[in-house]
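Structure assessment
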Protein chains: 2
Amino acid sequence: MMPRGTLTRQRDDGSLPERVARSAAARDGVSGDVRDFHAWFAARRAAGRFAVDRIPFDELDGWSFQDGTGDLAHRSGRFFTVEGLSASVGDPVTARWQQPIIRQPEVGILGIVAREFDGVLHFLMQAKMEPGNPNLLQLSPTVQATRSNYTGVHRGAAVRHLEYFTRTDGARILSDGLQSEHGSWFYRKRNRNMIVEVTGEVPPHEDFRWLTLGQIAELMRSDNLVNMDSRSVLAGLPADVARRALHSDTDLLSWLALMRSAHTVRTECGPLSAVSGWTRSAASIDHEDGRYFRVVAVAVRAGNREVSQWTQPLFEPRGEGVVAVLTRRIEGVPHVLVRARAEPGFLDTVELGPTVQCTPANYAHLPPAEHPPFLAAVTAADPARVRYSALHSEEGGRFLNAQSRYMVIDADEATAPLDPPFGFRWVSHGQLAVMGRHGHYVNVHLRTLVACLNALWATAPAAGA
Amino acid sequence: MMPRGTLTRQRDDGSLPERVARSAAARDGVSGDVRDFHAWFAARRAAGRFAVDRIPFDELDGWSFQDGTGDLAHRSGRFFTVEGLSASVGDPVTARWQQPIIRQPEVGILGIVAREFDGVLHFLMQAKMEPGNPNLLQLSPTVQATRSNYTGVHRGAAVRHLEYFTRTDGARILSDGLQSEHGSWFYRKRNRNMIVEVTGEVPPHEDFRWLTLGQIAELMRSDNLVNMDSRSVLAGLPADVARRALHSDTDLLSWLALMRSAHTVRTECGPLSAVSGWTRSAASIDHEDGRYFRVVAVAVRAGNREVSQWTQPLFEPRGEGVVAVLTRRIEGVPHVLVRARAEPGFLDTVELGPTVQCTPANYAHLPPAEHPPFLAAVTAADPARVRYSALHSEEGGRFLNAQSRYMVIDADEATAPLDPPFGFRWVSHGQLAVMGRHGHYVNVHLRTLVACLNALWATAPAAGA
């Protein structure tokens with residue numbers, strides 16, 4: 001017989017929430033403070049010498065519209081393709097439309113290496129250029145790797161630090177799950193979001209820097225600095241551990257099962273050339289009303305990417321988005337008003353999304369009654385109630401200048417009742433964190449806001465536990 | 001200000017595991033004991049006067065092969081269709097094949113009403129005929145309703161007790177989640193598995209009976225008595241609450257993320273007439289080698305169904321299945337050896353399945369080295385190690401005589417090492433229960449075995465907590 005306790009372990013890592021809170025409280029780290037960060041980041045920006053230029057489609061290298069389907073694809077058959085999608089989504093109203101969509105069936109890895117210095121968890125972040133970022137260089141996870149990256153289709157350099165995420169036997173994994181990406185632009189794309197803690201030394205490199213959660217939280221107050229992949233991965237850390245909530249965990253899962261049953265989402269991929277309502281010109285594919293987004297092409301020159309220059313298509317939204325949550329403390333427990341969102345590219349019909357997630361310009365032609373619920377409450381919010389507001393851009397490897405204003409707004413019963421309209425639900429911060437451990441529950445926009453909330457609320461432990 | 005505690009509640013229903021254990025220990029209930037049950041069930045069988053006859057396809061009423069596609073469909077466009085599927089599944093070997101598959105995009109409800117009598121939870125079970133069951137009448141959940149049922153496409157009677165599952169505001173929900181069905185025969189079909197507790201009286205009816213979990217567990221030792229839907233729903237109850245396991249919960253989720261990333265599953269639905277390797281005759285669609293399953297048609301006459309007679313297609317497997325888990329107590333904590341299973345009809349690439357799930361006859365032509373891992377260990381197990389063995393049949397509304405031998409077998413390091421082959425993993429009983437609360441983690445075969453394990457292990461609380 002083995003002595004008791006040598007084979008099994010505690011199912012939960014009970015010490016992690018405390019360690020996360022300690023890191024969130026730390027504004028000084030092993031690499032100095034935030035001013036030191038900005039000096040380093042400015043140096044990385046100066047060293048980069050990046051240029052991104054719009055080009056017509058026929059100057060794309062290796063990419064072309066396929067005979068027959070008109071799909072935009074790379075000659076290797078890898079990376080991603082732009083195809084057509086027919087969607088019908090409804091409850092109670094059924095909307096039907098066609099659109100271009102990005103297909104990339106492979107699962108990528110978004111990974112952050114964590115390590116304790118002086119008893120405080122630090123996260124290894126990377127200054128990384130992506131062509132669609134408004135300011136090109138942003139703060140990224142340790143690793144962003146598509147399967148094409150790590151199987152060598154790029155014919156570029158190996159992805160630095162990838163081995164921490166592909167050889168995890170014996171590693172201390174802090175979080176790991178498959179999470180959806182933008183369901184309006186990607187067809188069932190997901191990435192593996194991972195945080196792996198190491199104890200040994202990680203070889204230093206000028207593009208990488210150890211930061212505490214408190215520092216990252218401070219940086220998230222800057223516009224367009226912490227990239228989408230970083231925000232998404234960091235949302236996987238445990239946060240508030242209050243054991244009370246407006247609804248029990250079982251009731252929350254039940255409500256989500258109801259929402260997934262009630263919403264009908266039918267999608268069919270088809271040839272890009274057959275998509276109606278969209279027209280292709282020399283340098284873009286546009287919606288006939290000039291709304292939603294365009295498909296464009298760019299040429300990229302860069303110093304520190306795996307491949308030093310390339311061309312590629314990007315999706316370019318036509319307006320700035322608004323992504324916001326209304327929040328309330330209910331008997332001391334922080335809650336978020338989420339919406340069951342149906343997006344055509346989700347693997348499952350609906351996921352939890354923010355209270356408001358839209359591009360207001362797409363609704364400008366409609367009467368106010370047809371605007372998204374709570375949009376007016378968000379855009380006209382009393383500044384004293386705005387707890388968080390910053391511009392963030394979406395995945396810069398696929399989306400060009402896809403900026404949204406992300407906001408956290410304190411609400412009250414008058415603006416956001418505890419018994420909200422159909423499709424909305426109050427979820428505690430702790431419940432959101434638990435849902436976020438499982439895939440396909442919390443959409444990518446809400447994950448950004450969860451990362452913000454983790455930072456906002458970390459230093460103010462919830463009552464009501 | 002509201003007084004503290006009037007709006008929020010505990011996120012977890014901490015008392016439920018204990019109440020479930022009490023019900024599992026009860027062999028006498030409000031409706032008597034198991035002998036009383038058998039008398040009632042025999043009476044229901046005698047009262048039913050059911051007959052199911054095989055018919056050629058051209059005697060189907062309302063069902064026909066569609067022009068062009070050859071798909072088998074109902075003229076209403078509802079219920080389900082039999083279409084073609086092309087699948088390629090692999091890691092590391094890629095298998096490619098085509099087959100008929102059932103498409104039924106709507107989400108049905110499988111619901112059990114629970115109520116306490118004398119402080120013991122009882123579950124309202126129904127004696128229900130389904131044409132594919134080997135013995136026609138089996139014990140079903142309180143409600144089995146397709147969307148066609150409750151929107152009236154059947155033009156039959158309303159589904160009894162459905163309102164407990166469609167009007168849940170204020171109800172005490174014990175479990176509720178969308179769960180996958182057979183991924184080899186259904187394309188992305190799922191049902192909402194619900195248990196709802198009531199406090200008021202439920203109108204009695206001769207086809208319904210209150211049973212304790214202990215009684216249901218005893219009945220599950222009989223062949224073909226407790227139907228698949230009942231087993232699936234009952235698997236959603238909490239069981240073992242040991243806080244220790246061989247792997248932490250985070251490591252388990254990480255392993256599943258790896259399995260879902262590593263497996264490639266590509267599926268495409270297409271016309272049934274284009275499926276290669278299958279031939280259609282007057283009364284069946286068969287695989288060219290006589291393996292896997294057949295598509296057949298039956299005529300049904302019944303007394304207590306929503307509609308008194310009808311015809312329909314069914315899938316008929318060609319051999320008896322073996323569905324088994326190897327189990328071990330590791331430092332006192334019960335564990336199950338699960339396999340990451342890729343089935344073409346799963347919404348996500350893989351789910352957790354039993355150690356062994358196959359139809360041995362489909363492998364009879366292959367050398368032993370190509371038989372499924374652990375199949376020999378299961379079929380040749382020392383009878384002293386067989387903790388559970390019974391024949392159960394799958395969903396009798398879609399599958400004809402789809403019987404498998406379900407087994408639970410005690411293993412040791414020699415037959416089932418703690419470091420198992422690629423694709424296998426030891427998961428504690430408590431972890432399986434938690435995974436089962438979320439959809440698309442635990443496949444329908446493993447859910448049957450979880451229901452058995454809940455019964456087997458309920459009266460022997462685990463050490464190691």
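Residues numbered from 1 in each chain as written. Chains lettered and ligands numbered in written order. Predicted model: local features only at pLDDT ≥ 70, side-chain atom pairs only at ≥ 80, totals over all residues. Heavy atoms only, no water.

1. Section: the environment of Arg22 of chain B
Residues and elements named next belong to chain B. The residue Arg22 is located in helix H1 (residues 16-25) in this model. Each C-alpha atom, one on Arg22 and one on Leu121, is 7.8 Å from the other, the two residues being 99 residues apart in sequence. Setting aside anything within four residues of it in sequence, one finds Arg22 in contact with Gly119 and Val120. (Helix = DSSP H or I, 4+ residues; strand = E, 2+ residues; numbered from the N terminus. Contact = heavy atoms within 4.5 Å.)

2. Overview of the side chain of Asp348 of chain A
Position of Asp348 of chain A relative to the elements: it lies in the loop between strand S22 (333-342) and strand S23 (350-353). The buried category is assigned to Asp348 of chain A, whose relative accessible area is 5%. Polar contacts involving the side chain of Asp348 of chain A include one to the side chain of Arg260 of chain A, which spans 3.2 Å. Setting aside its immediate chain neighbours within four residues, Asp348 of chain A contacts Arg260 of chain A together with Arg190, Leu347 and His440 of chain B. (Buried < 20%, exposed > 50% of the residue type's maximum accessible area, 1.4 Å probe, protein only. Polar contact = N/O pair within 3.5 Å; in protein donor to acceptor, adjacent residues only side chain to side chain.)

3. Description of the interface of chain B and chain A
Counting from both sides, the interface comprises 56 residues of chain B and, opposite them, 56 residues of chain A. Together chain B and chain A conceal approximately 5100 Å² of surface at their shared face, both sides included; 44% is due to carbon and sulfur atoms. On the chain B side of the interface with chain A, the three residues burying the most area are Arg11, Arg244 and Glu331 of chain B, jointly 18% of the side's total. The interface formed by chain B and chain A holds 8 salt bridges in total. For Arg243 of chain A, the salt bridge identified is with Asp12 of chain B, shortest N-O distance 2.2 Å. (Buried area = accessible area lost by both parts, 1.4 Å probe. Salt bridge = Lys/Arg side-chain N within 4 Å of Asp/Glu carboxyl O.)

4. As for the domain arrangement of chain A
By convention, interface size is frequently given as the accessible area that disappears when the constituent parts associate. Domain parsing of chain A yields domain 1 (16-50 + 106-219), domain 2 (51-103 + 270-314) and domain 3 (249-266 + 318-457). One C-alpha centre belongs to domain 1 of chain A, the other to domain 2 of chain A; they are set 28 Å apart. (Domains from an automatic or database assignment.)

5. Observations concerning helix H7 (residues 249-262) of chain B
Relative to the 20 Å expected for 14 residues at 1.5 Å per residue, H7 of chain B spans 20 Å between its end C-alpha atoms, a close match to the ideal helical length. For H7 of chain B, a buried count of 13 out of 14 residues is recorded, marking the element as mostly surrounded by other parts of the structure. (Expected span 1.5 Å × (residues − 1).)

6. Things to note about empty space enclosed by the protein
By the definition in use, this model includes 6 cavities of 30 Å³ or more. Its boundaries defined by the atoms lining it, the largest cavity holds a volume of some 390 Å³. Along its surface, the largest cavity is lined by 30 residues, and Gly439 and Tyr441 of chain A together with Gly439, His440 and Tyr441 of chain B are the ones closest to its centre. Elements with a contribution of two residues or more to the lining of the largest cavity: strand S11 (172-180) and helix H7 (249-262) of chain A together with strand S11 (172-180) and H7 of chain B. In the lining of the largest cavity, the residues fall into 12 nonpolar, 8 polar and 10 charged. Contributions of two or more residues to the lining of the second largest cavity are made by H7 of chain A together with S11, helix H6 (228-234), helix H9 (429-437) and helix H10 (444-458) of chain B. With 5 residues, S11 of chain B is the largest single contributor of residues to the lining of the second largest cavity. Taken together, the residues that form the lining of the second largest cavity break down as 8 nonpolar, 8 polar and 3 charged. Two domains each provide a minimum of three residues to the lining of the second largest cavity, namely domain 1 (16-50 + 106-219) and domain 3 (249-266 + 318-457) of chain B. (1 Å grid on protein atoms, 1.4 Å probe; cavity = no way out; pocket = protein on both sides within 12 Å on 5 of 7 lines; lining within 4 Å. Points joined across faces, edges and corners; volume = space filled by probe spheres on them. Nonpolar A, V, L, I, M, F, W, Y, C, P; charged D, E, K, R; others polar.)

7. Some words on the relation of the copies chain B and chain A
Superposing chain B onto chain A takes a rotation of 180° combined with a translation of 0.0 Å along the rotation axis, leaving an RMSD of 0.0 Å. On this basis, the relationship between the two copies can be described by a two-fold rotation axis. Ranked by how close their C-alpha atoms come to the rotation axis, the residues of chain B are headed by Leu347 of chain B, at 3.7 Å. With an isologous cut-off of 70% or more, the 100% of interface residues of chain B that recur at the interface of chain A puts this contact in the isologous class. (Least-squares fit on C-alpha atoms with pLDDT ≥ 70 in both.)

8. Brief notes about the pairing of strand S7 (residues 108-117) of chain A
Residues and elements named next belong to chain A. In terms of residue burial, S7 counts as a mostly covered element, since 9 of its 10 residues are buried. Pairing between S7 and strand S13 (residues 190-197): 7 bridges, direction parallel. Each residue of the ladder has a partner; that of Ala114, found in S13, is Glu197. The sheet contact formed by S7 and strand S10 (residues 143-145) spans 3 bridges and is antiparallel. From the neighbouring strand, Gly111 faces S10, where its bridge partner is Val143. Direction of pairing for S7 relative to strand S8 (residues 120-129): antiparallel, over a ladder of 4 bridges. Note on S8: the bridge partner recorded for Ala114 is Phe123. (Pairing = 2+ DSSP bridges.)

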